[in-house]
Amino acid sequence: MPLKDIKDSLKDCTNQARAAEEPSSQQGAASGHHMETSSSRLILSNNRANMMDTILDLPVEKKIFYAVLGFSWTVYLWEAYLSYRQRRIYRSTTHVPQELGKIMDSATFEKSRLYQLDKSNFSFWSGLYSETEGTLILLLGGIPFLWGAACSVTSHFGLGSEYEITQSLVFLMLATLFSAITGLPWSLYNTFVIEEKHGFNQQTLGFFLRDAVKKFAVTQCILLPVTSLLLYIIKIGGDYFFIYAWLFTLAVSLVLVTIYADYIAPLFDKFTVLPEGELRTDIEVMAKSISFPLTKVYVVEGSKRSSHSNAYFYGFFKNKRIVLFDTLLEDYSPLNKSGETQPEQPESDESSGEAKAKPKNKKQGCNNSEILAVLGHELGHWKLGHTVKNMIISQMNSFLCFSLFAVLIGRKELFVAFDFNDSQPTLIGLMIIFQFIFSPYNELLSFCLTVLSRRFEFQADAFAQGMGKASELYSALIKLNKDNLGFPVADWLFSMWHYSHPPLLERLRALGNAKQD
């Protein structure tokens with residue numbers, strides 16, 4: 001058939017089809033719209049299928065890399081969503097709720113609202129920066145680049161690839177230095193803008209910078225020897241190296257807990273023994289009544305860096321110590337010397353210029369009976385075995401992680417995923433497996449421990465209540481919340497995920513009908 005005839009036949013068929021469609025044009029339009037929608041869905045479905053096929057066809061190394069990156073951003077977006085919910089509470093709750101009317105005045109409520117709002121906004125931007133920085137480090141090969149830089153340093157001193165532990169220590173020092181430098185502007189802003197604006201900062205810039213250098217130096221003095229020994233144990237430990245590595249980290253954690261307050265913390269803050277007097281006597285009597293093996297009670301000069309307050313105990317077996325921040329003690333805190341500046345110290349004095357003299361117009365801290373109630377809560381953690389339980393959970397988790405590390409360390413694809421194609425350094429393996437591969441497990445464990453911590457806090461409050469200190473603890477919680485500008489209204493989902501301590505109102509309700517003084 002000639003080509004012209006074929007075209008004419010097709011044209012006739014087309015005209016007939018159009019003529020047949022005209023009587024039912026409305027029905028045809030609807031049918032066409034339905035066909036168009038179905039086509040769009042089919043195309044979208046095909047695109048998704050093609051995307052899945054593309055992902056499934058990726059090498060296992062790329063799957064690992066993108067899974068790590070995707071999970072990191074998933075966690076960040078989840079955290080950002082929770083923070084958004086809480087910021088919405090800060091912005092909308094501008095008046096003291098009726099339930100809080102007898103607990104918090106309007107001025108304090110507004111101060112705490114603005115303080116927490118500023119902190120939340122700061123957290124959003126610092127979190128976004130941190131996530132972006134981490135993503136760029138992974139995408140641009142920052143980890144292998146830093147490892148190469150460490151190799152260049154060791155090579156400069158004539159050390160070859162067989163000195164892997166030395167190269168690992170140089171890598172670790174460079175990584176912590178990078179982290180300290182990039183984090184410094186955020187820390188400066190938090191201290192000298194946010195904390196300063198809301199009356200908490202007591203530091204001068206010189207003190208802050210000296211403190212930062214000192215922290216970095218002390219961290220290196222502890223981190224580098226411990227890491228070198230851990231890497232050596234993994235290298236020579238044979239098939240059961242994970243057991244030896246776990247036992248080593250257990251021993252290190254016990255030593256650090258034992259020596260921290262006696263040898264490490266005094267490098268940064270001044271510790272003095274609580275003077276003889278009514279408070280010390282009452283603390284010793286209370287400790288003896290529950291068989292707490294108290295040996296010393298210290299007061300730490302926290303007021304030279306911040307007006308936030310705290311208390312804790314430490315030590316093992318028959319050697320327990322209690323530490324009270326001077327900002328916690330109403331009769332001891334220098335911040336309560338309203339209108340008085342601290343006397344000038346001689347230039348030779350080590351503390352000269354370290355802390356700013358700031359007169360305070362508010363009465364801060366708790367009275368003696370309230371301090372005893374707070375310590376009753378803290379000692380409740382010991383009496384109820386919370387400290388031991390947390391340590392057991394921590395060590396079980398550590399053993400599990402080292403066991404899984406032993407299974408995964410030989411998988412070359414984990415190293416290739418992060419551009420380590422020709423070598424498998426042990427320190428890099430620890431970083432990849434503990435920080436990246438275990439991240440979903442770490443998030444789940446963190447949430448479970450947060451839930452457990454809140455349960456322990458309720459139990460410790462109940463223990464203090466059982467000691468007859470419910471009323472004093474009730475008023476102490478209100479005072480501490482006021483001194484630290486805690487905001488008493490929280491989004492339920494945000495608090496469930498983040499709060500290791502129950503919100504103030506929940507704790508006060510749990511204390512029953514106790515009345516504030």
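Since the model is a prediction, treat every value here as computed from it, not as a measurement.

Basis of the calculations
- Residues numbered from 1 in each chain as written.
- Predicted model: local features only at pLDDT ≥ 70, side-chain atom pairs only at ≥ 80, totals over all residues.
- Heavy atoms only, no water.
- Helix = DSSP H or I, 4+ residues; strand = E, 2+ residues; numbered from the N terminus.
- Areas by Shrake-Rupley, 256 points an atom, 1.4 Å probe, with all protein chains shown as cover.
- Pairing = 2+ DSSP bridges.
- Axes fitted to C-alpha atoms, helices over the stretch in contact; angles between N-to-C directions.
- Contact = heavy atoms within 4.5 Å.
- Phe/Tyr/Trp six-rings, centres within 6.5 Å; stacked < 30°, edge-to-face > 60°.
- Buried < 20%, exposed > 50% of the residue type's maximum accessible area, 1.4 Å probe, protein only.
- Patch = residues over 30% accessible without salt bridge, like charges linked within 9 Å, V, L, I, M, F, W, Y side chains within 5 Å.
- Salt bridge = Lys/Arg side-chain N within 4 Å of Asp/Glu carboxyl O.
- Core = buried A, V, L, I, M, F, W, Y, C linked by side-chain atoms within 4.5 Å.
- 1 Å grid on protein atoms, 1.4 Å probe; cavity = no way out; pocket = protein on both sides within 12 Å on 5 of 7 lines; lining within 4 Å.
- Points joined across faces, edges and corners; volume = space filled by probe spheres on them.
- Nonpolar A, V, L, I, M, F, W, Y, C, P; charged D, E, K, R; others polar.
- Polar contact = N/O pair within 3.5 Å; in protein donor to acceptor, adjacent residues only side chain to side chain.
- Parallel < 35°, antiparallel > 145°, perpendicular 65-115°, else oblique.
- pLDDT = per-residue confidence, 0-100.

Enquirer: I would appreciate a short explanation of the overall build of the protein in the present structure.
Expert: What the protein contains, in helices and strands, is 17 helices and four strands. With the model as given, the accessible surface of the protein reaches about 29300 Å², and the carbon-plus-sulfur share is 61%.

Enquirer: Explain the sheet that holds strand S1 (residues 271–273) here, please?
Expert: Hydrogen bonding along the main chain pairs the strands of a sheet, whether they run parallel or antiparallel. Across the sheet, which stays open at both edges, the four strands sit in the order S1-S2-S4-S3 with mixed pairing between neighbours. Unpaired on one side and paired on the other, S1 and strand S3 (311–314) mark the two borders of the sheet. Neighbour-to-neighbour, the strand axes of this sheet turn through a mean angle of 30°, independent of strand direction. With four bridges connecting them, S3 and strand S4 (residues 320–325) associate as antiparallel partners. Paired with Ala-311 across the two strands is Leu-324, which belongs to S4. Sitting on the sheet, helix H8 (residues 241–264) touches S1, strand S2 (294–300), S3 and S4, and the angle it makes with S3 is about 125°.

Enquirer: When you look at the packing of aromatic side chains in this model, what are you seeing that I'm missing?
Expert: Where two aromatic rings form a pair, the distance of their centres and the angle of their planes describe that pair. If you walk through the whole model with that rule in mind, you get 28 aromatic pairs. An angle of 75° between the planes, with centres 4.9 Å apart, marks the rings of Phe-124 and Trp-125 as edge-to-face. With a relative accessible area of 30%, Phe-124 lands in the partly exposed category. The exposure class assigned to Trp-125 is exposed, which follows from its relative accessible area of 52%. With a centroid separation of 6.3 Å and 85° between ring planes, the pair formed by Phe-271 and Tyr-298 is classed as edge-to-face. On the criterion of sequence distance, the pair formed by Phe-271 in strand S1 and Tyr-298 in strand S2 is long-range, its members being 27 residues apart. For the pair Phe-271 and Tyr-298, a shared accessibility class is recorded, and that class is buried. What links up through ring pairs into an aromatic cluster is the set Phe-241, Phe-242, Trp-246, Phe-399, Phe-402, Phe-405, Phe-434 and Phe-438.

Enquirer: Even after reading the chapter, I still don't get a nonpolar patch on the surface, so can you show me in this structure?
Expert: A contiguous nonpolar patch, built from Trp-78, Tyr-81 and Tyr-84 and spanning about 300 Å² of accessible area, is present on the exposed surface. With respect to the secondary-structure elements, Trp-78 resides in helix H3 (residues 60–92).

Enquirer: So what exactly am I meant to see when it comes to the nonpolar core here?
Expert: Across soluble globular proteins, nonpolar side chains have a tendency to be buried as a group. Phe-418 and Ile-428 are the most contacted members of the largest nonpolar core, which totals 36 residues. Breaking this core down by element, the ones donating at least two residues are H3, helix H5 (142–156), helix H6 (164–197), helix H7 (205–236), H8, helix H11 (386–408), helix H12 (412–416) and helix H13 (426–437). With seven residues, the top contributor of residues to this core is H8. Aside from chain neighbours lying at most four places away, what touches Phe-418 is Phe-65, Val-68, Leu-138, Pro-144, Ile-432 and Phe-436. If you look at the next biggest cluster of nonpolar residues, it comprises 24 residues, including Leu-274, Val-297, Leu-329 and Leu-375.

Enquirer: Just to check I follow, could you spell out the pairing of S4 for this structure?
Expert: Two faces belong to every sheet, and in a regular strand the side chains alternate between them. By the criterion of burial, S4 is predominantly enclosed, with five of the six residues buried. The pairing of S2 with S4 spans six bridges and is classified as parallel. Its bridge partner lying in S4, Leu-294 is registered against Lys-320.

Enquirer: Mind showing me how you'd approach empty space enclosed by the protein here?
Expert: It is the rolling of a water-molecule-sized probe over the atoms that shows where space remains empty. Tallied over the entire structure, the rule returns two cavities of 30 Å³ or more. As for the second largest cavity, its lining consists of Phe-65, Ile-137, Leu-138, Gly-141, Gly-142, Ile-143, Pro-144, Ala-417, Phe-418 and Asp-419. For the lining of the second largest cavity, the elements supplying multiple residues, two or more each, are helix H4 (106–139) and H5. Element by element, the count of residues in the lining of the second largest cavity is highest for H5, at three residues. Considered class by class, the residues forming the lining of the second largest cavity number seven nonpolar, two polar and one charged.

Enquirer: Would you mind going over the pattern of salt bridges with me for this structure?
Expert: Close approach of charged atoms allows side chains of opposite charge to pair. Going through the model one piece at a time under the given rule, you end up with 13 salt bridges. Taken together, the shared-partner salt bridges connect Asp-211, Lys-215, Asp-269 and Arg-305 into one network.

Enquirer: Help me out: how do you make sense of unusual backbone geometry in this one?
Expert: The phi torsion of most residues other than glycine is negative, and most of the peptide bonds are trans. Non-glycine residue Asp-419 carries a positive phi angle of around 70°. Looking at where Asp-419 falls in the secondary structure, it is placed in the loop between H12 and H13.

Enquirer: In this structure, what is going on with the side chain of Ser-228? I would like to understand it.
Expert: Within the fold, Ser-228 resides in helix H7. In this structure the side chain of Ser-228 is engaged in a polar contact, spanning 2.7 Å, whose partner is the backbone oxygen of Pro-225. Apart from residues lying up to four places away in sequence, Ser-228 is in contact with Ile-165 and Leu-169.

Enquirer: When you look at the packing of H6 against H13 in this model, what are you seeing that I'm missing?
Expert: For any two helices packed against each other, the geometry comes down to the angle between their axes and how far apart the axes lie. Contact geometry for H6 and H13: axes closest at 9 Å, N-to-C directions at 50°. As judged from the angle between their axes, H6 and H13 are oblique. Judged by residue contacts, Glu-164, Ser-168 and Phe-171 of H6 engage Thr-426, Leu-427, Ile-428 and Met-431 from H13. Of the residues in the contact of H6 with H13, the class split is four nonpolar, two polar and one charged.

Enquirer: What am I meant to see in the environment of Phe-268 here?
Expert: Checked against the element boundaries, Phe-268 lands in the loop between H8 and S1. For Phe-268 and Lys-215, which are 53 residues apart along the polypeptide, the C-alpha to C-alpha distance reads 8.3 Å. Excluding its chain neighbours within four sequence positions, the residues that come into contact with Phe-268 are Asp-211, Lys-214, Lys-215, Val-218, Lys-304 and Arg-305.

Enquirer: Is there a simple way to think about the confidence of the model for the protein in this case?
Expert: Note: predicted coordinates in regions of low pLDDT should not be interpreted at a detailed level. Per-residue pLDDT for the protein averages 85, and the proportion of residues at 70 or more is 82%. Scored below 50 in pLDDT, residues 16–25 makes zero contacts in the model with residues more than four places away or belonging to other chains.

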